[in-house]
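Chain residues, written in single-letter form:
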Amino acid sequence: MEIKSSENESFRLVYEEVFPVVMRVAYHVTYNMDVSEDICQEAFIRFYEKNIDFRSVDEAKYWLIRVTKNLSINVMKRKSREQAMVDKIKKAPKTPVRNGEDALIDSETRTLVREAVEKLPEKLKSVLVLKEYADLNYKQIAGILHISESNVKVRVHRARKIMESMLDREEMHVS
């Protein structure tokens, strides 16, 4: 039986048959029922929005399991990074209160970087944002953008070089 992910009847059939399985997958990665429910909801939203044709319910199930597993792992990695940052902050010595000049310089620097990122061509901006701000690795970015891993590396390198050049020029204007 052919399954179209955005067709209501097919979606309902897959949901009823597959939800318990993907819920178990998410739970056994996160060990948190609320987080697992959110992950399953996100997986089914992606399933519906992708509008994919599957040859069978099993093929749709495998796709949903893979998406659920990846979402669950990403949630756990994010939680791990957040906990590491909390631990790092707890261990860090208290920093002295910064003066207004330092805060202004930091704010201006963030603004300059944000503006430089916005000026990048879209194909370079997307890989740089995924790499630097979403903290994804090259393989994950390649999968998301449907390009080769080596292409991702080249684009990230080019984006960084262009950013460096833009920021150097900006620094010359400020000096």
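My aim in this report is to walk through the structure given alongside it, one point at a time. (Residues numbered from 1 in each chain as written. Predicted model: local features only at pLDDT ≥ 70, side-chain atom pairs only at ≥ 80, totals over all residues. Heavy atoms only, no water.)

Quick look at the packing of helix 1 (residues 8–30) against helix 3 (residues 57–91)
Using the following cut-off: Between N-to-C directions, angles cover 0 to 180 degrees, with each direction set by a line fitted to C-alpha atoms, over the stretch in contact for helices. A run of H or I in DSSP counts as a helix once it spans at least four residues, and a run of E counts as a strand once it spans at least two, with each numbered from the N terminus. Should an angle lie under 35 degrees it is considered roughly parallel, over 145 roughly antiparallel, and from 65 to 115 roughly perpendicular; all remaining angles are considered oblique. Crossing handedness is defined as follows: a turn of the near helix away from the far one that is anticlockwise and smaller than a right angle gives a left-handed crossing, while the clockwise case is right-handed. Note on contacts: a residue pair qualifies if any of its non-hydrogen atoms lie within 4.5 Å across the two residues. As a working rule, the residues Ala, Val, Leu, Ile, Met, Phe, Trp, Tyr, Cys and Pro are called nonpolar, Asp, Glu, Lys and Arg charged, and the rest polar, with Gly in that last group.
Relative to each other, helix 1 and helix 3 sit at 30°, their axes nearing to 9 Å. As summarised for this structure, helix 1 and helix 3 are arranged roughly parallel, according to the angle between their axes. Classified by chirality, the crossing of helix 3 by helix 1 is right-handed. Counted together, Leu13, Val14, Glu17, Val18, Val21, Val22, Val25, Ala26, Val29 and Thr30 of helix 1 and Val57, Ala60, Lys61, Leu64, Ile65, Thr68, Lys69, Ser72, Ile73 and Met76 of helix 3 form the full contact between these two elements. Here the contact of helix 1 with helix 3 is composed, by residue class, of 14 nonpolar, three polar and three charged.

Structural notes on the layout of surface pockets
Stated precisely, the cut-off is as follows: Cavity and pocket criteria rest on a 1 Å grid covering protein atoms alone: a 1.4 Å probe that fits but cannot get out defines a cavity, protein on both sides within 12 Å along at least 5 of 7 lines defines an open pocket, and an atom within 4 Å of a point defines a lining residue. Grid points are joined across faces, edges and corners, and a volume is the space filled by probe spheres set on the points.
Within this model, the largest pocket holds a volume of roughly 1000 Å³. Along the walls of the largest pocket sit 27 residues, with Arg46, Asn70, Leu71, Asn74 and Ile144 positioned nearest its centre. Residue assignment for the lining of the largest pocket shows that the elements contributing at least two residues are helix 2 (33–50), helix 3 and helix 6 (138–145). Per-element accounting of the lining of the largest pocket gives the leading share, eleven residues, to helix 3. Residue composition of the lining of the largest pocket, grouped by class: twelve nonpolar, six polar and nine charged.

Some details on the nonpolar core
Worth spelling out the cut-off: Side-chain atoms within 4.5 Å link the members of a nonpolar core, which is a set of buried Ala, Val, Leu, Ile, Met, Phe, Trp, Tyr and Cys residues. Buried, partly exposed and exposed residues are distinguished by accessible area as a fraction of the type maximum, computed with a 1.4 Å probe on protein chains only: under 20%, between the cut-offs, and over 50%, respectively.
Core analysis: the largest hydrophobic core is formed by 20 residues, its most contacted members being Ile3, Val14, Val18, Phe44, Phe47 and Leu64. Counting residues per element, the ones that place at least two in this core are helix 1, helix 2 and helix 3. Ranked by residues supplied to this core, first place goes to helix 3 with seven residues. Each residue touching Phe44, except ones within four places of it in the same chain, is listed here: Phe11, Val14, Tyr15, Val18, Phe19, Val22 and Leu64.

With respect to the packing of aromatic side chains
How two aromatic rings sit relative to each other is given by the distance of their centres and the angle of their planes. Our working rule: Put simply, two rings from Phe, Tyr or Trp (the six-membered ring, in Trp's case) pair if the centres are within 6.5 Å, and we call them stacked under 30 degrees between planes, edge-to-face over 60, tilted for the rest. Two conditions define a charge sitting above a ring: the NZ of Lys or the CZ of Arg must be within 6 Å of the ring centre, and it must be within 35 degrees of the ring normal.
The full count for this structure, using the stated rule, is twelve aromatic pairs. Residues Phe47 and Phe54 carry aromatic rings whose centres are separated by 5.6 Å and whose planes lie at 15° to one another, so their mutual orientation is stacked. Side by side, Phe47 and Phe54 carry an identical accessibility label, which is buried. Ring geometry for Phe47 against Trp63: centres 5.9 Å apart, planes inclined by 50°, an arrangement best described as tilted. With a gap of 16 residues between them, Phe47 in helix 2 and Trp63 in helix 3 connect regions that are remote in the sequence. Assigned by exposure class, Phe47 and Trp63 land together as buried. A cation sits over an aromatic face here: Lys131 above Tyr138, 4.7 Å from the ring centre.

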